[in-house]
Amino acid sequence: MEVRVTSESALEYAGDALILGVAEGAAPTGVAAEVDRRLDGLVGRLIESGEIRGKQSEVTVLHTEGRLAASRLAVVGLGRPAEIDLFGLRRAMGTAARALRDRGAHRVGTLLHRQAPPGARPDRAARAVVEAAYVGLYRGGECKSTEESPAEMKELCVLGVPDEEIEAATAAVRSAAIAGEATNYARRLVNLPPNEVTPSRLAEEALEAGQRAGLEVEVLKPDQIESLGLGALLAVARGSEEPARLIVLRHRGAEGGPSIAFIGKGLTFDSGGLSIKPSEKMETMKLDMAGGAAVLAAMRAIGELEIGLDVMGIIPATENMPSGRAYRPGDVVTALGGKTIEIVSTDAEGRLILADALSYARQLGATHLIDVATLTGACIIALGHVAAGVMGNDGALVEAVLDAGEIVGERMWRLPLFPEYRGQLDSKIADIKNVGGRDAGTITGGWFLREFVGDNAWVHLDIAGTAWSEKDEPHQVEGGTGASTRTLIALAERMAGGMT
Ligand code: BES
Ligand code: MN
Ligand code: ZN
């Protein structure tokens with residue numbers, strides 16, 4: 001898809017369709033009123049008659065029959081006027097893009113970015129609609145053998161941008177297109193089945209992403225992982241026939257500045273190991289590499305955007321399987337750096353592989369650590385499928401992550417790492433145990449990781465609830481969501497000083 005930003009008027013855009021938003025219970029105003037005048041007030045009459053209600057996810061497609069340069073007008077609901085924000089604008093854009101694509105529109109112009117609430121920055125509104133179009137247009141169905149070639153959207157035109165805003169909007173949209181594609185790449189990796197996306201396949205993907213985006217990529221195999229001393233990662237990998245990989249991607253965008261590490265949980269299938277999961281809970285456990293997919297996709301985008309910052313991506317990749325060789329509840333394992341860990345449950349494996357990856361990132365010289373993981377079912381109990389849990393040891397870095405999430409439309413909520421929670425991880429036999437009981441399970445997961453970050457600034461994102469969407473929605477299909485891919489990209493852009 002080609003994405004363009006232009007000052008061209010929406011009234012003159014001669015594409016297949018124009019997208020316009022209407023709020024609930026409100027007559028068209030501003031640009032919407034202008035468009036409606038050209039249609040002799042048709043939209044206004046449909047609103048009065050109750051056929052267009054302006055509710056979220058409602059799309060009405062009208063034929064303009066020559067009264068606008070575009071052949072069709074898609075009127076999409078924005079919800080109640082007081083509640084319109086950039087999150088809602090994204091839903092509206094995703095919904096409209098899908099509806100138009102499925103009706104065969106190839107060239108589509110949008111006015112939605114001009115319908116953001118007062119106070120929203122125009123470049124952020126432009127970013128929002130472009131990212132949302134990419135997310136909306138993703139289809140899924142990765143493994144279907146039928147070879148239909150369905151209609152694709154070819155052009156998205158961000159219309160009516162005033163001259164003084166063109167530069168900022170163009171920069172935002174360039175980044176949005178790459179971030180949108182990266183999001184869909186992460187979704188694809190999550191959706192592909194676990195017999196295809198093994199640790200070695202993830203490593204191949206990383207090598208390919210490195211080629212495409214100019215990243216240095218190093219893939220460590222089990223004997224190297226062992227000689228480096230990543231005992232926690234090795235313990236988790238023991239039960240599986242699939243050899244583990246430690247994937248390291250580097251984007252050297254600046255010398256001498258901070259060095260950011262993104263660390264993603266790459267658990268390509270989580271059976272629970274000997275602490276085996278019941279089958280209903282195992283069904284979707286291919287999603288357990290979603291953090292790794294987000295890191296890989298974000299690194300690819302960061303390379304493509306040539307962001308002026310030193311960034312590394314580290315993905316510990318393994319399966320968690322039961323077998324005669326598997327690690328056991330009761331085992332004590334030694335992590336990189338020498339800390340000993342009592343294994344209470346082999347199903348709390350994510351924190352083990354991340355502990356080693358965090359230590360390894362520090363060995364490689366990272367100053368700031370951001371990890372992303374589908375870490376705890378407890379996070380779904382706390383925040384549902386709406387928001388990711390955010391924890392950290394550095395207020396400024398936590399704020400930077402939350403801000404980045406806000407800009408790219410990913411909801412996140414901070415949870416506290418109060419010192420009182422740490423005691424739940426005290427072990428009688430070792431330095432720490434890998435499970436702190438049911439209470440505050442997301443926070444004790446965070447506390448476990450904190451033990452491996454030393455004095456570095458660190459933030460942990462628990463995406464267990466947001467990595468997977470359980471149903472088709474008007475603005476996006478079910479399955480992997482690419483959660484936190486865009487947040488990582490935006491964070492890097494902001495830390496490099498490239499995005500205000
Ligand atoms: N991968 C799971 C967490 C998860 C659950 C992600 C549901 C997405 C949806 C993780 O490895 C796990 O099994 N966590 C345990 C931790 C417990 C043993 C302390 C959990 O949440 O039950
Ligand atoms: Mn598990
Ligand atoms: Zn897991």
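Source: prediction; values computed, not measured. (Residues numbered from 1 in each chain as written. Chains lettered and ligands numbered in written order. Predicted model: local features only at pLDDT ≥ 70, side-chain atom pairs only at ≥ 80, totals over all residues. Heavy atoms only, no water.)

Draft legend 1. A look at the packing of aromatic side chains. Following the criterion strictly, the structure yields 2 aromatic pairs and no others. The interplanar angle of 15° and the centroid separation of 6.3 Å between the aromatic rings of Phe-418 and Tyr-421 together place this pair among those described as stacked. The class for Phe-418 is partly exposed, based on a relative accessible area of 48%. You can call Tyr-421 partly exposed: its relative accessible area is 22%. Between Phe-448 and Phe-452, the aromatic rings sit 5.3 Å apart at their centres with planes inclined by 40°, giving tilted as the arrangement. (Phe/Tyr/Trp six-rings, centres within 6.5 Å; stacked < 30°, edge-to-face > 60°. Buried < 20%, exposed > 50% of the residue type's maximum accessible area, 1.4 Å probe, protein only.)

Draft legend 2. Layout of the nonpolar core. Of all hydrophobic cores here, the largest spans 61 residues; its most connected members are Phe-262, Leu-296 and Ile-370. With 9 residues, the top contributor of residues to this core is helix α10 (residues 290-304). (Core = buried A, V, L, I, M, F, W, Y, C linked by side-chain atoms within 4.5 Å. Helix = DSSP H or I, 4+ residues; strand = E, 2+ residues; numbered from the N terminus.)

Draft legend 3. How the structure looks around the coordination of the zinc ion (ligand 3). Every protein donor of the zinc ion (ligand 3) is listed here as Lys-265 (NZ), Asp-270 (OD), Asp-288 (OD) and Glu-349 (OE), and their distances to the metal cover 2.0 to 2.4 Å. For the zinc ion (ligand 3), the 6 donor atoms are set out with angles of 78 to 177° between them, so the coordination reads as octahedral. The sequence pattern formed by the donor residues of the zinc ion (ligand 3) is K-x4-D-x17-D-x60-E. Separating the zinc ion (ligand 3) and the manganese ion (ligand 2) is a distance of 3.2 Å, and Asp-270 donates to both of them. (Donors = N, O, S within 2.8 Å, 3.2 Å for Na, K, Ca; no water. Tetrahedral: all angles 85-135°; square planar, octahedral: opposite > 155°, others 65-115°.)

Draft legend 4. Fine view of the coordination of the manganese ion (ligand 2). Bound to the manganese ion (ligand 2) on the protein side are Asp-270 (OD), Asp-347 (O), Asp-347 (OD) and Glu-349 (OE), at distances that span 2.1 to 2.2 Å. Taken together, the 6 donor atoms coordinating the manganese ion (ligand 2) span angles of 70 to 170° at the metal, a pattern that classifies the geometry as irregular. Between consecutive donors of the manganese ion (ligand 2), the numbers of intervening residues give the motif D-x76-D-x1-E. Owing to a relative accessible area of 24%, Asp-347 belongs among the partly exposed residues under this scheme. The class of Glu-349 is buried, set by a relative accessible area of 1%.

Draft legend 5. Looking closely at unusual backbone geometry. Positive phi is not limited to glycine here, since Ser-57 has a value of about 75°. Within the element layout of this structure, Ser-57 appears in the loop between α2 (42-48) and β3 (59-63). Its relative accessible area of 29% is what places Ser-57 among the partly exposed residues. A positive phi is found at Glu-306, a non-glycine position, where the angle reads about 50°. Along the chain, Glu-306 falls in the loop between α10 and β11 (310-320).

Draft legend 6. Expanded view of the site of ligand 1. As a matter of local geometry, ligand 1 sits amid 17 residues, with Lys-277, Asp-288, Asp-347, Glu-349 and Gly-377 nearest to it. One nitrogen or oxygen atom from the side chain of Asp-270 is found 2.9 Å from an oxygen atom belonging to ligand 1. A distance of 2.8 Å separates a nitrogen atom of ligand 1 from a polar atom in the side chain of Asp-288. Calculation on ligand 1 without its partners gives an accessible area of 520 Å², and the protein chains cover 78% of this total. Here the shell around ligand 1 is composed, by residue class, of 6 nonpolar, 4 polar and 7 charged. (Near = heavy atom within 4 Å. Polar contact = N/O pair within 3.5 Å; in protein donor to acceptor, adjacent residues only side chain to side chain. Areas by Shrake-Rupley, 256 points an atom, 1.4 Å probe, with all protein chains shown as cover. Nonpolar A, V, L, I, M, F, W, Y, C, P; charged D, E, K, R; others polar.)

Draft legend 7. Main features of the pattern of salt bridges. Evaluated as defined, the whole model comprises 28 salt bridges. A salt bridge links Arg-486 to Glu-131; the shortest N-O distance between them is 3.3 Å. Of the two residues, Arg-486 is situated in helix α15 (residues 485-495) and Glu-131 in helix α4 (residues 122-137); the sequence distance between them amounts to 355 residues. Between Asp-288 and Lys-265 there is a salt bridge; the shortest N-O distance is 3.1 Å. Of this pair, Asp-288 sits in the loop between α9 (279-282) and α10 while Lys-265 is found in the loop between β9 (259-264) and β10 (266-270), placing the two residues 23 residues apart along the sequence. Lys-265 sits in the buried class, given a relative accessible area of 2%. (Salt bridge = Lys/Arg side-chain N within 4 Å of Asp/Glu carboxyl O.)

Draft legend 8. Local environment of the pairing of strand β6 (residues 155-158). Taking every second residue as pointing to the same face, both faces of β6 are buried, with Glu-155 and Cys-157 on one and Leu-156 and Val-158 on the other. Taken together, the 4 bridges between strand β1 (residues 2-5) and β6 define a ladder with parallel strand orientation. If you follow Val-3 over to β6, its bridge partner there is Leu-156. As defined by bridge partners, strand β5 (residues 107-110) adjoins β6 across 4 bridges and the pair is classed as parallel. In the strand pairing of β6, Arg-107 is matched with Glu-155. (Pairing = 2+ DSSP bridges.)

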